[in-house]
Amino acid sequence: MNGNSRTDDRSQETQAQEPVVTSPEAAPDASAQSARTESPQTPPEGSAEVERLQAELASTRRRVDQLARAYQELEKDREEFKQRLSRERERMLDVERGKVATMLLEAVDELDLCLSMGGAEASSGLAKGVKMIRDGLLGKLQQAGVERLQLVGQPYDPNTAEATDMEITPNPEEDQRVVAEARAGYRMKDRVIRPARVKVAKYVAPAKA
């Protein structure tokens, strides 16, 4: 029994002195670990998708801005067109009003002619009635914006009057001035609807003795 015990002790000592060998599978591969550490990391797949969505968002925003500017320009053009249309309609109405006013002014001229030819009958009831009609027509025309041109004593302007007669004057300050009206002129707003017929002074230096 003693001999077996010594044999077992020697066997245990031998086992304790033997080096422990690690399995290749358990030992980490240093070269592989180094390669994993040094190699660049591959970006995740979601990063490319995010960049694509951001690019699409920026493109969409630019498109929205372009459409907004185009809509603003369209609204501006539409408003300008409405204003032009309104001005043109008002201008055409003024032209038609001017034509009606001109016909009424011709009727006033005829009534004035009747009153001037009345002579001694100017104070009669008929003359008073004619004058009342004439004044009523002029009142209606004034309410419509028709005004008589005041040209006597003013410099002659071919845009407001027609020179139908001339009068010689020795005064140089009266040269090219309206001295009389053969027919009154009228304007509606800023437009002359009937030019006046006037006599214009012409300066001629007096002959020296």
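For the structure, see preceding data.
Figured I'd write up the structure that's included with this text. Keep in mind it's a predicted model, so treat the numbers as computed, not measured.

1. Remarks on the overall build of the chain
Each helix and strand counted, the chain has four helices and six strands in total. Counting from the amino terminus, helix and strand elements in the chain follow one another as α-α-α-α-β-β-β-β-β-β. With 209 residues in all, the chain has 14% of them scored as buried. Residue pairs at least 24 apart in sequence account for 68% of intrachain contacts in the chain once pairs closer than 6 positions are excluded. Total accessible area computed for the chain in this model is approximately 16,900 Å², and 54% of it derives from carbon and sulfur atoms.

2. Quick word on the sheet that holds strand β3 (residues 178-183)
The strand order across the open sheet formed by three strands is β2-β6-β3, and the pairing between neighbours is mixed. Looking at strand neighbours, the two that pair on one side only are β2 (161-169) and β3, the edges of this open sheet. Direction aside, neighbouring strands of the sheet carry axes that sit 30 degrees apart on average.

3. Notes on the nonpolar core
What tends to happen in soluble globular proteins is that the nonpolar side chains get buried as a cluster. Formed by Ala-101, Leu-105, Val-108, Leu-138, Leu-141, Val-146, Ala-184, Tyr-186, Met-188 and Ile-193, the largest nonpolar core amounts to 10 residues. Elements with a contribution of two residues or more to this core: α3 (45-118), α4 (125-143) and β4 (186-188). By residue number, the principal contributor to this core is α3, which donates three residues. Those residues in contact with Met-188 that lie beyond four places of it in its chain are Asp-94, Arg-97, Gly-98, Ala-101, Ala-144, Gly-145, Val-146 and Ile-193.

4. Looking at a negative patch on the surface
Taken together, the side chains of Glu-73, Asp-77, Glu-79 and Glu-80 present a region of like negative charge at the surface. Along the chain, Glu-80 turns up in helix α3. Take Glu-80: its relative accessible area is 34%, and that puts it in the partly exposed class.

5. Considering the pattern of salt bridges
Between side chains of opposite charge, a pair can form when the charged atoms approach closely. As enumerated under the stated definition, the model contains 16 salt bridges in all. For Asp-94, the salt bridge identified is with Lys-189, shortest N-O distance 3.4 Å. One end of the pair, Asp-94, is in helix α3; the other, Lys-189, is in the loop between β4 and β5 (191-194), with 95 residues separating them in the sequence. With a relative accessible area of 15%, Asp-94 lands in the buried category. The partly exposed category is assigned to Lys-189, whose relative accessible area is 48%. Bridged by salt links that share partners, the residues Glu-90, Asp-94, Arg-97 and Lys-189 form one connected network.

6. Observations concerning the sheet that holds β4
Overall, antiparallel pairing links the three strands, which are arranged β1-β4-β5 in an open sheet. Edge positions in the sheet fall to β1 (146-148) and β5, since each has one partner strand and no second. Shown here is a sheet whose adjacent strand axes are inclined to one another by a mean of 40 degrees, direction ignored.

Procedures and definitions
Residues numbered from 1 in each chain as written. Predicted model: local features only at pLDDT ≥ 70, side-chain atom pairs only at ≥ 80, totals over all residues. Heavy atoms only, no water. Helix = DSSP H or I, 4+ residues; strand = E, 2+ residues; numbered from the N terminus. Buried < 20%, exposed > 50% of the residue type's maximum accessible area, 1.4 Å probe, protein only. Contact = heavy atoms within 4.5 Å. Areas by Shrake-Rupley, 256 points an atom, 1.4 Å probe, with all protein chains shown as cover. Pairing = 2+ DSSP bridges. Axes fitted to C-alpha atoms, helices over the stretch in contact; angles between N-to-C directions. Core = buried A, V, L, I, M, F, W, Y, C linked by side-chain atoms within 4.5 Å. Patch = residues over 30% accessible without salt bridge, like charges linked within 9 Å, V, L, I, M, F, W, Y side chains within 5 Å. Salt bridge = Lys/Arg side-chain N within 4 Å of Asp/Glu carboxyl O. Lys, Arg positive; Asp, Glu negative; His and termini not counted. Charge placed at Lys NZ, Arg CZ, Asp CG, Glu CD.

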